[in-house]
Amino acid sequence: MDAAARTALAERYHSVRSRIPPGVTLVAVSKTRSVEEIKALYDLGHRAFGENYPQELREKQPMLPADIEWHFIGHLQTNKVKYIAPFVHLVHGVDSIKLLDELDRRAAQHGRTQDVLLQVHIAAEETKHGFGADEVLALGAAPWSWKNLVVRGLMGMASNTSDHAQVLHEFEVLRGVFDQLAGSFGPRFDTLSMGMSADVKEALAAGSTLLRVGTAIFGERDYSAA
Ligand SMILES: *Cc1c(COP(=O)(O)O)cnc(C)c1O
């Protein structure tokens, strides 16, 4: 990275920050970004980073400062939990009982209590993962049986559409489920992860407490180089 690239990164970062009210967490989504780019943002004072691919995260983590909070935001397969279980700060996309079982087992193995978010399917598209709203409400009503996991909140992804009203509506639905669950998972249920570069505004309007922003901070992703 040259000086111009660092300046551009700092400008984009501060511009994103300036739109985010205090109390809302910003996770910088660093999938496909080099260790050098992540370190450059770290040097600006940023500590929370999000990755989508377990092997990529496992490779980057030891090359970067130990005080980074790593968020796993992608779809997690049970056979990949082992790559991130020793250090991951928050697992956002928990969408099955099988995954809860495996995360709980690995957390116990590492002597950790693992914070997780339950992913709720709110988009119109069939391809997005997540529990149905009825399923998370049922989980909230039943006794909790994964003693090494703490449910910190919910995560959702809106439809990939330019219809801002629809996106806002989907986020509001998620917010409603979040509010209904208040208290069900204990006092630490405080995180509503929704909003990415394209829909920060709608997410904040609907009460997001955590934004996952990649492109608006780092620029367009180049998957061919990853
Ligand atoms: C890639 C990704 C993001 C960030 O997307 P941008 O459009 O680059 O801000 C946020 N959340 C999830 C789950 C992602 O996969």
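The preceding data block contains the structure.
Participant: Give a detailed account of the environment of Asp67, specifying residues and quantitative values.
Facilitator: On the secondary structure map, Asp67 appears in the loop between α3 (54-60) and β3 (69-72). Taking the relative accessible area as the measure of exposure, Asp67 reaches 44% and is therefore partly exposed. For the pair Asp67 and Arg47, spaced 20 residues apart in sequence, the C-alpha to C-alpha distance is 7.2 Å. The contacts of Asp67, once residues within four sequence positions are left out, are Tyr42 and Arg47. A polar side-chain atom of Asp67 sits 2.6 Å from a polar atom in the side chain of Tyr42.

Participant: Explain the site of the ligand to me, and be specific about the residues and the numbers.
Facilitator: Contacts to the ligand come from 13 residues, most closely from Lys31, Asn52, Ser197, Thr215 and Arg221. The contact in question runs from a nitrogen atom of the ligand to an N or O atom on the side chain of Arg212, over 2.9 Å. The separation between an oxygen atom of the ligand and a polar side-chain atom of Thr215 is 2.5 Å. When the ligand is considered free in solution it has 380 Å² of accessible area, and contact with the protein chains removes 91% of it. Its residues assigned to classes, the shell around the ligand comprises six nonpolar, four polar and three charged.

Participant: I'd love a proper account of the pattern of salt bridges, names of residues and values included.
Facilitator: Throughout the structure, instances matching the rule amount to 10 salt bridges. Salt-bridge contacts for Glu51 lead to Lys60; the nearest nitrogen and oxygen are separated by 2.8 Å. The salt bridge involving Lys60 is made with Glu56; its shortest N-O contact spans 2.6 Å. Here Glu56 and Lys60 lie together in helix α3, a separation of four residues that amounts to about one turn. In terms of burial, Lys60 and Glu56 fall into one category: buried. Residues participating in the shared-partner salt-bridge network are Asp115, Arg152, Arg188 and Asp190.

Participant: Tell me what's going on with the nonpolar core, and back it up with residues and numbers.
Facilitator: One broad trend across soluble globular proteins is that nonpolar side chains are buried collectively. Leu103, Leu118, Leu154 and Ile217 are the most contacted members of the largest nonpolar core, which has 57 residues in total. Looking at this core element by element, the count peaks at five residues for helix α7 (residues 164-180). Apart from the residues within four sequence positions on either side, Ile217 is in contact with Leu9, Arg12, Tyr13, Val16, Leu26, Ala28 and Leu41. Judged by nonpolar contacts, the second largest core, of six residues, contains Leu90, Leu117, Met155 and Leu210.

Criteria and cut-off values
- Residues numbered from 1 in each chain as written.
- Predicted model: local features only at pLDDT ≥ 70, side-chain atom pairs only at ≥ 80, totals over all residues.
- Heavy atoms only, no water.
- Helix = DSSP H or I, 4+ residues; strand = E, 2+ residues; numbered from the N terminus.
- Buried < 20%, exposed > 50% of the residue type's maximum accessible area, 1.4 Å probe, protein only.
- Contact = heavy atoms within 4.5 Å.
- Polar contact = N/O pair within 3.5 Å; in protein donor to acceptor, adjacent residues only side chain to side chain.
- Near = heavy atom within 4 Å.
- Areas by Shrake-Rupley, 256 points an atom, 1.4 Å probe, with all protein chains shown as cover.
- Nonpolar A, V, L, I, M, F, W, Y, C, P; charged D, E, K, R; others polar.
- Salt bridge = Lys/Arg side-chain N within 4 Å of Asp/Glu carboxyl O.
- Core = buried A, V, L, I, M, F, W, Y, C linked by side-chain atoms within 4.5 Å.

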